[in-house]
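Commentary on secondary and tertiary structure
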Amino acid sequence: MVLKQVQQDDGSNRGTLGKLICTNFRISFLGEESSLDDGPQFKNNIVGENDITLQCVDQLHGVYDERKKPICGQLRKYPETIIIYCKDLRVFHFCLRYTKEEEVKRIVSGIVHQTQTPKLFKRLFLFSYAAAAPNVKELEDQMVMFDSIKDWRQELERTKGNLKFKAVSANEGYKVSKKLPAYFVVPMAVSEVNISEYGGKGIPIWCWSCQNGAALLKMSAFPKEQDDNIAQMHKVFLEGMYKTIDKPPYEAMKIDDLSSSLPSVQEIQISYTRFKQLFFIDNSADFWDTDVKWFSLVESTNWLEIIRKCLRKAVDVVELLEVQNANVLLIEENASDLCCVISCLVQVMMDSYCRTKLGFQSLIQKEWIVGGHAFLDRCNHLRQSDKEEAPIFLLFLDCVWQLVQQYPPAFEFSETYLTVLSDCLYIPIFSTFFFNSQHQRDTTMYGGSLDTQGTKLSYCSVWDWSVQFEPEAQAFLNNPLYSEKPKLDRSQRKTTRFKHQRQLSLPLTPTKPPPKRGFFKEETDQLIKNILGKRISKLITSSDDLQTNSREFYDSWHSKPVDLHGILLPCLEGPEIKVWAQRNLRWIPEAQVPGGGTVATATKILDVMEDVQGLQKKVDEKHNEMGAEEGNVEASPFQRNPARLSSLFPFALLQRHSLKPVLPTSTWKNLEDEEDLAKRDDEYVELGDV
């Protein structure tokens with residue numbers, strides 16, 4: 001029995017009495033908390049608002065004699081309050097002062113054991129769930145999983161790349177490399193002998209082709225060799241590979257070594273570690289203390305600058321492909337980190353299919369899941385080593401969010417979709433983000449080998465949204481303002497241009513000093529959206545600027561009206577790169593704007609759309625004597641009274657805190673005799689030698 005603490009506006013602490021439990025899947029608080037009368041519609045079926053999956057725990061702190069200290073290792077003294085900081089930026093305070101001493105030892109030891117002890121791969125909850133789960137239905141729709149050679153050929157045909165590139169099965173059974181997928185695409189001139197010569201290293205692997213025939217490719221770099229003879233052999237081999245895509249004067253090739261032109265993985269991790277600390281707010285006083293120096297704090301983390309550099313690099317690549325008609329080869333050590341970020345951003349900017357929900361999911365499946373991004377290591381799911389941890393996928397989602405908030409009608413999915421996707425990284429129900437490679441996934445599926453005779457584990461895909469959300473909740477993942485690609489005659493296509501919205505932002509002038517209580521409560525949501533960026537007086541960064549050709553292309557593109565179904569280039573000026581407010585601020589009540597934000601805008605527009613559709617129906621009925629079939633316009637989840645909503649909807653409505661503790665219910669009685677998890681071994685699933 002613990003008290004979940006929530007600080008009120010007057011600085012006092014109020015709490016809800018309930019039971020804190022820890023299993024090998026999650027930490028849960030079971031209590032009766034007051035909620036709004038109409039309740040949140042956006043409910044997750046797997047992880048509730050008081051549930052924390054073990055993989056989502058970021059830091060543990062304890063309060064000892066009113067002093068906060070990190071909890072780590074063997075505990076000599078147990079805290080009066082335990083504070084859990086989550087990777088989705090939630091903060092939970094559980095007061096243990098009124099809990100029996102033996103229960104304090106039991107729950108704190110259990111939480112420390114489950115969240116901080118290094119895990120064996122075989123003991124991940126993912127495997128316990130997959131072994132017990134019923135057979136998962138195959139994803140229907142048009143979702144392309146890229147787990148067969150047919151899927152790759154289909155993608156080649158869609159992008160018109162099948163004249164110069166071919167899908168190969170040289171790595172079928174992972175006989176060439178355990179890091180490469182079983183099937184992938186290479187230039188026509190590359191043979192199976194070339195692929196197997198160096199275990200897949202030095203092979204240009206196709207990502208995407210644009211309409212003019214230029215292609216985007218990636219390559220795993222050879223390690224730096226001390227032996228001159230081996231280095232010379234690598235050089236000769238690479239020259240042969242380059243010739244398969246560099247055929248002047250008709251086909252030029254541009255090489256970009258991302259390890260030298262973008263921040264390192266370690267720099268990204270350091271930057272994000274500083275950045276996330278800004279949102280771990282313990283109480284209201286902390287919030288207002290940091291508010292007065294918000295700009296310098298955000299700038300000092302360098303996170304927004306890293307986002308800007310990635311977007312700028314993607315613009316450079318788009319210019320090479322679109323204007324110079326050059327094949328672009330991205331090079332990285334394993335071609336599975338920043339290569340994934342840049343190649344995906346380029347495709348999102350150039351291919352409108354990747355801006356649809358299914359297209360975006362297929363893109364992630366192709367470049368990240370099948371492409372071999374090491375999610376297990378980068379998310380540190382096993383907690384074995386912090387050296388490999390880095391939020392590379394989160395960086396990509398943040399970059400995409402910048403495009404979504406700059407050009408909302410161009411994307412079929414909403415920012416809520418991106419926020420939910422970032423949360424899914426830490427839910428060990430889904431296999432999608434829990435492996436380092438397809439080889440690792442396939443070998444665990446049948447008990448440690450590729451032999452399909454054994455018992456098959458039933459892995460659940462994150463793309464099956466029905467597992468987490470009911471249909472009405474899934475509606476929040478879709479963008480109600482999406483401008484679907486019109487199917488018009490050629491004579492009409494020239495008129496389908498949309499006015500660029502960048503003039504709606506604040507002028508680039510120095511900001512006024514913040515009010516005494518900070519800008520969150522005093523200013524409009526539009527101002528917040530613009531101010532959340534870096535210092536507003538800072539324009540394009542002078543260092544590492546766009547290349548000359550890219551600058552001309554960038555300026556020329558931004559001088560014309562935007563085609564929402566053509567190429568999209570981000571605005572890179574200082575205030576245009578913003579903090580992802582919905583994801584980062586959604587749990588901070590002080591940062592919410594009642595009746596404001598994008599939800600207020602969407603509500604107004606949807607009201608007008610509903611009126612137009614109603615009028616259109618009446619016109620149709622009048623012109624058609626037979627009468628049109630009666631039917632209601634599909635209600636959008638946004639069509640609610642905006643005064644009842646928050647700028648961080650649907651994750652937060654207008655929050656009201658309980659003013660008095662609530663007594664527990666009888667439903668907890670069956671949990672009284674829960675086994676002590678601090679002394680219990682994790683569940684073990686037989687996976688063979690993996």
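What you see is a predicted model; the values in this text were computed from it and never measured. (Residues numbered from 1 in each chain as written. Predicted model: local features only at pLDDT ≥ 70, side-chain atom pairs only at ≥ 80, totals over all residues. Heavy atoms only, no water.)

Another aspect to go through is the overall build of the protein chain. Looking only at helices and strands, the protein chain has 23 helices and 14 strands in total. Relative to its 690 residues, the protein chain shows a buried fraction of 54%. Taking as baseline every contact in the protein chain between residues at least 6 positions apart, the subset at least 24 positions apart corresponds to 73%. Surface accessibility of the protein chain: about 33000 Å² in total, with carbon and sulfur atoms responsible for 50%. (Helix = DSSP H or I, 4+ residues; strand = E, 2+ residues; numbered from the N terminus. Buried < 20%, exposed > 50% of the residue type's maximum accessible area, 1.4 Å probe, protein only. Contact = heavy atoms within 4.5 Å. Areas by Shrake-Rupley, 256 points an atom, 1.4 Å probe, with all protein chains shown as cover.)

Our focus in this paragraph is the sheet that holds strand E14 (residues 327-332). In spatial order, the strands read E11-E12-E14-E13; together these four strands make up an open sheet with mixed pairing. Lying at the two open borders of the sheet, with one neighbouring strand each, are strand E11 (205-209) and strand E13 (253-257). Each neighbouring strand pair of the sheet contributes to a mean axis angle of 20 degrees, computed without reference to strand direction. Bridging between E11 and strand E12 (residues 215-220) involves four bridges; their strand directions are antiparallel. The residue bridging Ile205 from the neighbouring strand is Lys218, located in E12. Packed onto the sheet, helix H11 (residues 338-350) meets E11, E12 and E14 and runs at close to 150 degrees relative to E14. (Pairing = 2+ DSSP bridges. Axes fitted to C-alpha atoms, helices over the stretch in contact; angles between N-to-C directions.)

Take the pattern of salt bridges next. For the structure shown, the criterion picks out 20 salt bridges. Lys164 is the salt-bridge partner of Glu251, the closest N and O atoms lying 3.9 Å from each other. Here the residue Glu251 occupies a position in the loop between helix H5 (228-242) and E13, and Lys164 occupies one in the loop between helix H3 (149-158) and strand E9 (165-168), the gap between them amounting to 87 residues. The class for Lys164 is partly exposed, based on a relative accessible area of 34%. (Salt bridge = Lys/Arg side-chain N within 4 Å of Asp/Glu carboxyl O.)

Attention now goes to the confidence of the model for the protein chain. Averaged over the protein chain, the pLDDT score is 84; the fraction of residues at 70 or greater is 79%. Across residues 493-544, where pLDDT falls below 50, the model places 104 contacts with residues more than four positions away in sequence or in other chains. (pLDDT = per-residue confidence, 0-100.)

Our focus in this paragraph is the side chain of Asn436. Inspection of the secondary structure assignment puts Asn436 in the loop between helix H15 (415-423) and helix H16 (438-445). A polar side-chain atom of Asn436 sits 3.1 Å from the main-chain amide nitrogen of Leu376. For Asn436, the contacting residues outside a window of four places in its chain are Gly372, His373, Ala374, Phe375, Leu376 and Asp377. (Polar contact = N/O pair within 3.5 Å; in protein donor to acceptor, adjacent residues only side chain to side chain.)

With seven of eight residues buried, strand E5 (residues 57-64) is to be regarded as a mostly interior element. Where E5 lies against strand E7 (residues 81-86), six bridges are found, and the strand directions are antiparallel. Considered in E7, the bridge of Val63 is made with Thr81. As defined by bridge partners, E5 adjoins strand E6 (residues 67-70) across four bridges and the pair is classed as antiparallel. Following the sheet pairing, Val63 is matched in E6 by Lys68. Hairpin connection between E5 and E6: a loop of two residues separates the two successive antiparallel strands, and Asp65 in this loop has a positive phi of roughly 50 degrees.

Another aspect to go through is the sheet that holds E6. Taken in spatial order, the eight strands line up as E4-E3-E2-E1-E8-E7-E5-E6 in an open sheet, and their pairing is antiparallel. With one partner strand each, in any of the chains shown, strand E4 (51-53) and E6 form the two edges of the open sheet. The average angle at which neighbouring strand axes cross in this sheet is 30 degrees, direction not considered.

As a rule of thumb, nonpolar side chains are buried together in soluble globular proteins. Grouped together as the largest cluster of nonpolar side chains are 145 residues, with contacts concentrated most on Phe360, Trp368, Phe396 and Phe433. Looking at which element gives the most residues to this core, the answer is helix H10 (residues 303-322), with 12 residues. Residues Trp152, Ala170, Tyr174 and Phe222 belong to the second largest nonpolar core, which totals 35 residues. (Core = buried A, V, L, I, M, F, W, Y, C linked by side-chain atoms within 4.5 Å.)

What follows deals with the packing of H10 against H11. Look at H10 against H11: their axes get within 9 Å of each other, and the N-to-C directions meet at 60 degrees. Relative to H11, the element H10 lies oblique. Handedness of the H10/H11 crossing: right-handed. Residues Cys310, Leu311, Lys313, Ala314, Val317, Val318, Leu321 and Glu322 of H10 touch H11, and the partners they reach there are Val341, Ile342, Leu345, Val346, Met349 and Met350. Partitioned by chemical class, the residues of the contact of H10 with H11 number 12 nonpolar, no polar and two charged. (Parallel < 35°, antiparallel > 145°, perpendicular 65-115°, else oblique. Left-handed = near helix turned anticlockwise from the far one by under 90°. Nonpolar A, V, L, I, M, F, W, Y, C, P; charged D, E, K, R; others polar.)

Under the definition given, this model contains 43 aromatic pairs. When the ring of Trp401 is compared with that of Trp580, the centres are 6.3 Å apart and the planes differ by 20 degrees; the resulting orientation is stacked. Taken together, the positions of Trp401 in helix H14 (residues 392-406) and Trp580 in the loop between helix H21 (548-558) and helix H22 (581-585) put the pair 179 residues apart, joining distant regions of the chain. Judged by relative accessible area, Trp580 falls into the buried class, the value being 1%. When the centroid spacing of 5.2 Å and the interplanar angle of 40 degrees are considered together, the rings of Phe413 and Tyr417 count as tilted. (Phe/Tyr/Trp six-rings, centres within 6.5 Å; stacked < 30°, edge-to-face > 60°.)

Here the focus is the pairing of E12. The buried count for E12 comes to six of six residues, which makes it a mostly enclosed element. Side chains of E12 alternate between two faces, with Ala215, Leu217 and Met219 and Leu216, Lys218 and Ser220 buried alike. In sequence, E11 turns back onto E12 through a hairpin of five residues, with Gly213 there showing a positive phi of about 100 degrees. Sheet topology note: the E12/E14 ladder contains five bridges and is parallel. Across the sheet, Met219 pairs through a bridge with Ile331, a residue of E14.

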